[in-house]
Amino acid sequence: MTSRSALLVLADGRFPAGGHAHSGGAEAAVRAGRVKDAAGLESFCRGRLHTTGLTSAALAAAAAYGLDPAALDAAADARTPSPALRAVARRLGRQLMRAARATWPSARLDALAAMYPRGAHQPVVLGTTALAAGLDAEDAAYCVAYETVGGPATAVVRLLGLDPYQATAVLARLVPEMDQVAERAAAAARQGIDALPAASAPLLDLTAEQHAAWPVRLFAS
Amino acid sequence: MHLDHGHTSHGAISADARRPDGTRRALRIGLGGPVGSGKTATVAALCRVLRDTLSLAVVTNDIYTREDAEFLLRNAVLPPERIQAVETGACPHTAIRDDISANLEAVEDLEDTVGPLDLILVESGGDNLTATFSKGLVDAQIFVIDVAGGDDIPRKGGPGVTTADLLVINKTDLAPHVGSDLARMARDAGEQRGELPVAFTSLRAEDGIAPVADWVRAQLGAWTA
Amino acid sequence: MDRVSLRATARIVADADGGLPLLVSDGPLALRRTRASGPYTRVTVVGAMSAPLGGDRLAVETEVRDGARLLVDSAAATLALPGRSAEPAAYDVRITVGEAGVLRWLPEQLVSVQGSDLRMRTVVELAPTARLVLREEQILGRHGEPPGTLVTRLTVRRAGCPLLDQELAFGPGAPGGWDGGAVLGGHRATGQLLVVEPGFAEKPVEPRLLGENGAVSPLAGPAALVSAVAPDALAVRRLLDTALAELAPL
């Protein structure tokens, strides 16, 4: 069994890896009127969890299994058609790398940083970080699943002034599905790179491109 | 094939005084303070007086726009490649204190793209009196308040007023118009700050930025000594 | 709809001289060589109207040999229909394009009819100098009807490396949230137009918005994906057609 405390440190929203400036598509969804309340947040988060959440969780799990990070990074590129989201994934990957190397120094992280000085895809860095922290593939997948819904929930609290208790209750209601997604992701990663899921969300891709073009916005993505 | 990203050297991970190639990195000075106190105008004025003798760059942290970066660009205080905007996700103090990763990235990118720099000014988004910079991000910080914000601000203290390496009390030219008592502000600031310096500025005056520029030069002297 | 489920595999092989050394229809998948458009040998899929039904396993295998130019289209939309089998239907499209080969794969829409359950899988292998134009459109339900379950996956590899891998899952059998603000947000039609062009390595496509409902996105490799999410099939087709005329005119 891996260290539960290490998982908490890595999954904590206060882990300084740049996530606080990103809404995971929630800012665009709020502006478009698709997220207006807790119910809208819940279906947004549920959709994100089962699409890019699953895909990213599996990439992270695969990295934590020690699969070739370059092949995983290429797989992540192919699964991210939006150039805005590829840029975000690499920027967040680079920011996470900085925090990870300071927190859990490891040769594997150093090697990945040297290979991708401008940032590897964030899930690949996250899986590698999990490994450095003594965590396993499933832990990495759980971390991504949680982050996939936690980010938008925090953002919507700021954007809509949504009651933070309601937002947290949304996360609690999604717990069984987060578990499912994390386990599915880890199971897929166990079968190797060709078995990785590629679930995607048309609106997240489209609105990421729109959001990147806004002159005024609160969140970087 | 990847069209998105070039591969260059890989960046430092902390506040080390040396860059990965062993050269000394730029001195980083943070400028914080409440909305409207004149942070961006102070940055612009500093750039104008320092740019001829120093290689410098600016990182802005806007709350929800790139307005500060664009103000600096519009006023052509520095070439565009020397100005970088960081987006802060509605929490400007987080980006300069709790999670400084995006700012460190911006700082490193500036040094990578425009070459060796002497000085990088990191301007925070206008926030409140509690915002201060992490020591992992800047080597020294300036807190900018103004006389129009109320002459009781120095008395009230707060981390910015009390601990900043330099407190700038800006817009002194407005003091008679808004009924602010400069002597009282100086006295209160002294009580809060002990030995730490205070500069009174009016950026409308000829060379009004001089006390701040002098302080920056002294910091730089100590950094490169 | 009253028939037993079936297996059928249709095959197309195109040569550089314009010939079709192999053109094999099978079951509901009838292939016809139709009048060429421009320099392309053209094959039209006809009569796929009543398939796939639940339990069917259909496949189309296409090989575009080195230097060949092939255009594949279809006479009508494909309807995914419910069948007697509780098993989902499977529709596999396997494509290879050789060196300097060109494929324009422009079928009509795939309509997911209420009560149906279809898994569609498209796998494309491209040689480094191959070019491709590929369109897929998913329509959720006939007019005013709730959709069936539709899972489609498009995997494209170029020179053995992944270029695009995208799975969409909609309808009652899909994981939750598919109709929420992150995935479809109430829209009933989506479409993708992929253009792979080695020349994009030197002259990449700029990212561009197509109004509210579409975007042109350069991929990490020399390709661009046009995606559209709209209330109906017509709106999606309009967006894709505009981009097609611009990115890959015939």
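How each quantity is defined
- Residues numbered from 1 in each chain as written.
- Chains lettered and ligands numbered in written order.
- Predicted model: local features only at pLDDT ≥ 70, side-chain atom pairs only at ≥ 80, totals over all residues.
- Heavy atoms only, no water.
- Helix = DSSP H or I, 4+ residues; strand = E, 2+ residues; numbered from the N terminus.
- Rg over C-alpha atoms; globule rule 2.2 N^0.38 Å.
- Buried < 20%, exposed > 50% of the residue type's maximum accessible area, 1.4 Å probe, protein only.
- Contact = heavy atoms within 4.5 Å.
- Areas by Shrake-Rupley, 256 points an atom, 1.4 Å probe, with all protein chains shown as cover.
- Lys, Arg positive; Asp, Glu negative; His and termini not counted.
- Charge placed at Lys NZ, Arg CZ, Asp CG, Glu CD.
- pLDDT = per-residue confidence, 0-100.
- Core = buried A, V, L, I, M, F, W, Y, C linked by side-chain atoms within 4.5 Å.
- Arc of directions from axis to C-beta.
- Polar contact = N/O pair within 3.5 Å; in protein donor to acceptor, adjacent residues only side chain to side chain.
- Phe/Tyr/Trp six-rings, centres within 6.5 Å; stacked < 30°, edge-to-face > 60°.
- Lys NZ or Arg CZ within 6 Å of the ring centre and 35° of its normal.
- Pairing = 2+ DSSP bridges.
- Axes fitted to C-alpha atoms, helices over the stretch in contact; angles between N-to-C directions.
- Buried area = accessible area lost by both parts, 1.4 Å probe.
- Salt bridge = Lys/Arg side-chain N within 4 Å of Asp/Glu carboxyl O.
- Nonpolar A, V, L, I, M, F, W, Y, C, P; charged D, E, K, R; others polar.

Caption draft 1: Just the overall build of chain B, in detail. Within chain B, the secondary structure is distributed over 9 helices and 7 strands. Compactness check: chain B gives a C-alpha radius of gyration of 17 Å against a globular reference of 17 Å for 225 residues, within 12% of the reference. Across its three principal axes, chain B shows a C-alpha extent of roughly 65 × 40 × 30 Å. By the burial criterion, 52% of the 225 residues in chain B qualify as buried. Contacts in chain B between residues far apart in sequence, at least 24 positions, make up 77% of those at least 6 positions apart. Summing over all exposed atoms, chain B offers an accessible surface of approximately 9,400 Å²; the carbon and sulfur share of this is 51%. Side chains of chain B carry 21 positive and 33 negative charges; the gap between the two charge centres is 4 Å.

Caption draft 2: Main features of the overall build of chain C. What chain C contains, in helices and strands, is 1 helix and 18 strands. For chain C, whose C-alpha radius of gyration is 17 Å, the value lies close to the compact-globule estimate of 18 Å for 250 residues. Dimensions of chain C, computed from the C-alpha atoms along their principal axes, are close to 45 × 40 × 30 Å. Within the span of chain C, comprising 250 residues, buried residues form 55% of the whole. When contacts within chain C are restricted to residue pairs at least 6 apart in sequence, those whose partners lie at least 24 apart make up 71%.

Caption draft 3: Structural detail: the confidence of the model for chain B. All names here are of chain B. With 92% of its residues at a pLDDT of 70 or more, chain B shows a mean pLDDT of 88. Across chain B, the secondary-structure element scoring lowest on mean pLDDT is helix α2 (residues 67-74), at 83, and the one scoring highest is strand β6 (residues 166-170), at 97. Within the model, the stretch residues 5-13 combines pLDDT values under 50 with 25 contacts to residues more than four positions away or in other chains.

Caption draft 4: Local environment of the nonpolar core. If you look at the biggest cluster of nonpolar residues, it comprises 78 residues, and the most contacted ones within it are Leu41 and Phe44 of chain A. Contact partners of Leu41 of chain A, with chain neighbours within four places excluded, come to Val35, Pro152, Ala153, Val156, Leu162, Ala167 and Val170 of chain A. Core analysis: the next-biggest nonpolar cluster, separate from the first, contains 42 residues, Ala68, Leu134, Leu163 and Leu225 of chain C among them.

Caption draft 5: Seen up close, helix α6 (residues 107-115) of chain A. All names here are of chain A. Every buried residue of α6 is accounted for by Leu109, Leu112 and Ala113. Seen from one end, α6 has its buried residues packed into an arc of 100 degrees, which puts them on one side. Of the residues that open α6, the one with a side-chain oxygen 3.3 Å from the backbone nitrogen of Arg108 is Ser106.

Caption draft 6: Summary view of the packing of aromatic side chains. Residue and element names in this part refer to chain A. One pass over the full model with this rule turns up 1 aromatic pair over all chains. Ring geometry for Phe15 and Trp104: centres 5.8 Å apart, planes at 20 degrees, overall stacked. You can see Phe15 sitting in the loop between α1 (4-11) and α2 (26-31) and its partner Trp104 sitting in the loop between α5 (83-103) and α6, a full 89 residues away along the chain. The exposure classification of Phe15 matches that of Trp104, with both residues buried. Of note, Arg31 hangs over the ring of Trp214, and the distance from its end group to the ring centre comes to 3.7 Å.

Caption draft 7: Seen up close, the sheet that holds strand β14 (residues 161-170) of chain C. Residue and element names in this part refer to chain C. Read across the sheet, 7 strands follow the order β2-β1-β5-β8-β11-β13-β14 without closing on themselves; strand pairing throughout is mixed. The open sheet is flanked by β2 (22-24) and β14, the only strands paired with a single partner. With direction set aside, neighbouring strand axes in the sheet form an average angle of 10 degrees.

Caption draft 8: Here's a closer look at the interface of chain C and chain A. Tallying the contact residues gives 33 residues for chain C and 32 residues for chain A. Contact between chain C and chain A buries roughly 2,400 Å² in total, counting both sides, with carbon and sulfur atoms accounting for 62%. Applying the counting rule to chain C against chain A returns 1 salt bridge. Among the ionic pairs, Arg79 of chain A bridges to Asp165 of chain C, the shortest N-O distance being 3.4 Å. Scanning the region where chain C abuts chain A turns up 9 residue pairs in polar contact (both at pLDDT 80 or more). Within the residue set of the side of chain C that touches chain A, elements represented by two or more residues are β14, β17 (214-218) and β18 (223-230) of chain C. Looking at the side of chain C that touches chain A element by element, the count peaks at 8 residues for β14 of chain C. Across the side of chain C that touches chain A, the residue classes tally to 17 nonpolar, 12 polar and 4 charged.

Caption draft 9: Inspection of the pairing of β6 of chain B at higher detail. All names here are of chain B. Counting buried residues in β6 gives 5 out of 5 residues, a clear majority hidden from the surface. Here β6 shows no split at all, with Leu166, Val168 and Asn170 on one side and Leu167 and Ile169 on the other all buried. Bridge analysis of β6 against strand β7 (residues 198-200) gives 3 bridges, and the strand direction is parallel. Within β7, the residue paired with Leu167 across the bridge is Val198.

Caption draft 10: Representation of the confidence of the model for chain C within the structure. Counting all residues, the mean pLDDT for chain C is 94, and 97% of those residues have values of 70 or more. If you check the scores for this complex, the pTM reads 0.92 and the ipTM reads 0.96.

Caption draft 11: Expanded view of the sheet that holds strand β4 (residues 119-123) of chain B. All names here are of chain B. Spatially, 7 strands are ordered β3-β2-β4-β1-β5-β6-β7 in an open sheet, and the strand pairing comes out parallel. With partners counted over all chains shown, the strands left at the sheet margins are β3 (83-87) and β7, one partner each. If you compare each strand with its neighbour and ignore which way they point, the axes differ by 20 degrees on average.

Caption draft 12: Seen up close, the side chain of Arg217 of chain A. Secondary-structure assignment places Arg217 of chain A in the segment after α11 (202-212). In this structure the side chain of Arg217 of chain A is engaged in a polar contact, spanning 3.1 Å, whose partner is the backbone oxygen of His211 of chain A. Among the polar contacts listed, one links the side chain of Arg217 of chain A to the side chain of Glu87 of chain B, at a separation of 2.4 Å.

Caption draft 13: Representation of the side chain of Thr201 of chain B. Residue and element names in this part refer to chain B. Along the chain, Thr201 turns up in the loop between β7 and α9 (210-224). Within polar-contact distance, the side chain of Thr201 engages the side chain of Asn170 at 3.0 Å. In this view, Thr201 contacts Val168, Ile169, Asn170, Lys171, Thr172, Gly208, Pro211 and Val212; residues no more than four positions away in its chain are not counted.

Caption draft 14: Focus on the pairing of strand β1 (residues 7-14) of chain C. Pairing analysis gives 8 bridges linking β1 of chain C to strand β5 (residues 57-64) of chain C, with the strands arranged parallel. Across the sheet, the residue bridging to Arg7 of chain C is Arg57 of chain C, located in β5 of chain C.

Caption draft 15: Representation of the environment of Arg94 of chain A within the structure. Summarising the element assignment, Arg94 of chain A is placed in helix α5. Once the C-alpha coordinates of Arg94 of chain A and Ser5 of chain A are considered, the two residues, 89 residues apart in sequence, prove to be 24 Å apart. When neighbours within four sequence positions are excluded, Arg94 of chain A is seen to be in contact with Pro117, Arg118, Gly119 and Ala120 of chain A together with Glu105, Glu108 and Asp109 of chain B.

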